[in-house]
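Chain by chain, the residues run as shown.
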Amino acid sequence: MSQPFYHLRPNKYVDRFLFVNCLSKLGEIINIKSHRYIGFGSYLFDDFKQIHDKINITSMISLEEDPIVYKRACFNTPYKCIKVINQTSTDFISGGDWGNKNSIIWLDYTSPAEISQQFSDLAALTSIVNCNDIIRVTFNANVSSLGVPDDSSISLKGYRLNRLKERIGEYVPIDVTEDQITTKEYPIVLLRCLQKMIEGLFIETPFDKRFLFPLFSTVYKDGQTMITFTGIILEDHTRETVIKKAFRELKYVNFKWDCPSSISIPELTVKEIVHINKLLPSKIAKKQLSKKYSFVFSDKDTEIDSYISYYKYYPSFQSVNF
């Protein structure tokens, strides 16, 4: 199985950094150092390295379905505290020893064709998670993955909406129209489907007031359009104000289901980064960047806004001789 080198993709890198930043802030409110981290490390373990290094989490599980990649992952584990398990997320969720151990779970899905199973996994996960558990999920939001009709007389958007309903029909909100099945709107449609499913699973009763509190979501494209959602399980609504106050300086944490932050940063050379960053931060930076570096930013409004928001997180890679 071919594995993409996500650590060399700037938008994925920034998305991961925002997540780690979010965990760091949550650590000021709850003791997440005692959580275990569960994810898909493959054989690169980029998220595992950052979470261990910056959050100091020492209980980590990486799930790997492919037996060949599993062997490679075992060889490449960077820390002793990472346990690699040759298992699907579906099997792990249904058979894992969850108990009262708090967890940070990142289901970093890439296959759009398996979204039905992915939603089922999440539904199963919500029934076994504990309060203060953090759930993060990534979906492939490439609208073209819904296919093209054989009959050219059939509406493309209508066909794709029907395909989505075939896969996760019960979770598609009734007011979603075919006009929303576009490259720009499809990621938000998936977030709304996720919201409908999650809110339908957490029904408040006098004895159980748990719910999934949304923290933030991002949409980015490194080859494929991806949508990522992050939320935390709370015992009730009493801690919402405390959490919101802790995140007041992180603007991308907006506590909304369907308002993702766009990460759309072009691949830049070291020279471009150095010269562009000399103009930041500044209230007139957007105007200056648009004028001086139009040859760098193809989509001026989106890419410049994104870079101004996340330039401090832009990756810096260098050649190293071992």
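Please refer to the structure higher up on the page.
Below, the structure is looked at part by part. All values reported here derive from a predicted model rather than from experimental measurement. (Residues numbered from 1 in each chain as written. Predicted model: local features only at pLDDT ≥ 70, side-chain atom pairs only at ≥ 80, totals over all residues. Heavy atoms only, no water.)

Turning our attention to the pattern of salt bridges. Enumeration over the complete set of coordinates arrives at nine salt bridges. The salt bridge involving Asp301 is made with Lys286; its shortest N-O contact spans 3.5 Å. Of this pair, Asp301 sits in helix α11 (residues 300-310) while Lys286 sits in helix α10 (residues 285-292), placing them 15 residues apart in sequence. A relative accessible area of 33% places Lys286 in the partly exposed class. Each of Lys286, Asp301 and Asp305 takes part in one network of salt bridges that share partners. (Salt bridge = Lys/Arg side-chain N within 4 Å of Asp/Glu carboxyl O. Helix = DSSP H or I, 4+ residues; strand = E, 2+ residues; numbered from the N terminus. Buried < 20%, exposed > 50% of the residue type's maximum accessible area, 1.4 Å probe, protein only.)

This part is about the packing of helix α5 (residues 115-126) against helix α7 (residues 186-201). The contact between α5 and α7 brings their axes to 10 Å, and the two run at 35 degrees. When the axes of α5 and α7 are compared, the crossing they make is right-handed. Between α5 and α7, the residues in contact are Ile115, Phe119, Leu122, Ala123 and Thr126 and Leu190, Cys193, Leu194, Met197, Ile198 and Leu201, respectively. Residues belonging to the contact of α5 with α7 are distributed by class as follows: 10 nonpolar, one polar and no charged. (Axes fitted to C-alpha atoms, helices over the stretch in contact; angles between N-to-C directions. Left-handed = near helix turned anticlockwise from the far one by under 90°. Contact = heavy atoms within 4.5 Å. Nonpolar A, V, L, I, M, F, W, Y, C, P; charged D, E, K, R; others polar.)

Strand order in the open sheet formed by eight strands is β3-β2-β1-β4-β5-β7-β6-β8, and the pairing between neighbours is mixed. The outermost strands of the open sheet, each flanked by one partner alone, are β3 (82-85) and β8 (261-263). Geometrically, the sheet is characterised by an average inter-axis angle of 15 degrees between neighbouring strands, direction not taken into account. Along the sheet, helix α1 (residues 10-26) contacts β1 (36-39), β4 (103-108), β5 (134-140), β6 (211-222), β7 (224-234) and β8; its crossing angle with β6, the most-contacted strand, is approximately 160 degrees. Taken strand by strand, helix α2 (residues 46-55) contacts β1, β2 (60-63), β3 and β4, and its axis lies near 170 degrees from that of β2. (Pairing = 2+ DSSP bridges.)

Moving on: the packing of aromatic side chains. The final tally for this structure, using the stated rule, is 17 aromatic pairs. The interplanar angle of 20 degrees and the centroid separation of 6.2 Å between the aromatic rings of Tyr109 and Phe139 together place this pair among those described as stacked. One end of the pair, Tyr109, is in the loop between β4 and α5; the other, Phe139, is in strand β5, with 30 residues separating them in the sequence. Note on Phe297 and Tyr307: the rings are 6.3 Å apart at their centroids and 55 degrees apart in plane angle, and the pair reads as tilted. Of the two residues, Phe297 sits in the loop between α10 and α11 while Tyr307 sits in helix α11, which places them 10 residues apart along the sequence. Of the residues examined, Tyr307 reaches a relative accessible area of 0% and is grouped as buried. One aromatic cluster is present, formed by Phe40, Tyr109, Phe119, Phe139 and Tyr171 through successive ring pairs. Lying over the aromatic face of Tyr43, Arg72 brings its terminal NZ or CZ to 3.8 Å of the ring centre. When the ring centre of Trp106 is taken as reference, the NZ or CZ atom of Arg136 above it lies at 4.3 Å. (Phe/Tyr/Trp six-rings, centres within 6.5 Å; stacked < 30°, edge-to-face > 60°. Lys NZ or Arg CZ within 6 Å of the ring centre and 35° of its normal.)

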